[in-house]
Amino acid sequence: MAVPLRTCSDFAGHVGTTFTVGMPKLGMVALTLVEASRRRAVDGRASPFSLVFPSSSSETWPQSTYHMTHPVMGQLDIFLAPLRRVENGMDYVATFD
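Residues numbered from 1 in each chain as written. Predicted model: local features only at pLDDT ≥ 70, side-chain atom pairs only at ≥ 80, totals over all residues. Heavy atoms only, no water.

Caption draft 1: Summary view of the packing of aromatic side chains. Summed over the entire model, instances satisfying the criterion amount to seven aromatic pairs. An angle of 25° between the planes, with centres 6.0 Å apart, marks the rings of Phe11 and Phe96 as stacked. Of this pair, Phe11 sits in helix H1 (residues 8-12) while Phe96 sits in strand S7 (residues 89-96), placing them 85 residues apart in sequence. For the residue pair Phe11 and Phe96, the accessibility class agrees, reading buried in each case. Between Phe19 and Phe53, the ring centres sit 5.4 Å apart and the planes meet at 85°, which makes this aromatic pair edge-to-face. Of this pair, Phe19 sits in strand S1 (residues 18-23) while Phe53 is found in strand S4 (residues 49-55), placing the two residues 34 residues apart along the sequence. Exposure class is identical for Phe19 and Phe53. Each is buried. Cluster of aromatic residues (ring-pair linked, three or more members): Phe11, Phe19, Phe49, Phe53 and Phe96. (Phe/Tyr/Trp six-rings, centres within 6.5 Å; stacked < 30°, edge-to-face > 60°. Helix = DSSP H or I, 4+ residues; strand = E, 2+ residues; numbered from the N terminus. Buried < 20%, exposed > 50% of the residue type's maximum accessible area, 1.4 Å probe, protein only.)

Structure follows, in structure tokens:
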């Protein structure tokens, strides 16, 4: 069972660590969290933030909810979307409003 989503501060302590995600056709893929940043609140929403995970895969994954596992945070269901193509793959973003 997935752990409820957390705050930016919860993820910020794990920047530089690896999350694993099961990908169809690719098996288990390791993604390193490279950024956890707060975003400006709009319409009174509480503490929006985003996470960035680069992937070295040449295949672009569809935006979807992915089941991710972290050795400390446990199991998380996180919606990832392609953010930008980079030299060695693609960056993905998770946005929490």
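Caption draft 2: Spatial organisation of the pattern of salt bridges. Evaluated as defined, the whole model comprises one salt bridge. The salt bridge partner of Asp91 is Arg84, with a shortest N-O separation of 2.9 Å. On the accessibility criterion, Arg84 (41% relative accessible area) is partly exposed. (Salt bridge = Lys/Arg side-chain N within 4 Å of Asp/Glu carboxyl O.)

Caption draft 3: Summary view of the sheet that holds strand S2 (residues 27-32). With respect to topology, seven strands assemble into an open sheet ordered S2-S1-S5-S6-S7-S4-S3, the strand pairing being antiparallel. At either margin of the open sheet sits one strand with a lone partner, and together these are S2 and strand S3 (35-38). Averaged over all adjacent pairs, the angle separating strand axes in this sheet is 40°, with direction ignored. As paired elements, S4 and S7 share seven bridges and run antiparallel to each other. Its bridge partner being in S7, Phe53 is matched across the sheet by Tyr92. (Pairing = 2+ DSSP bridges. Axes fitted to C-alpha atoms, helices over the stretch in contact; angles between N-to-C directions.)

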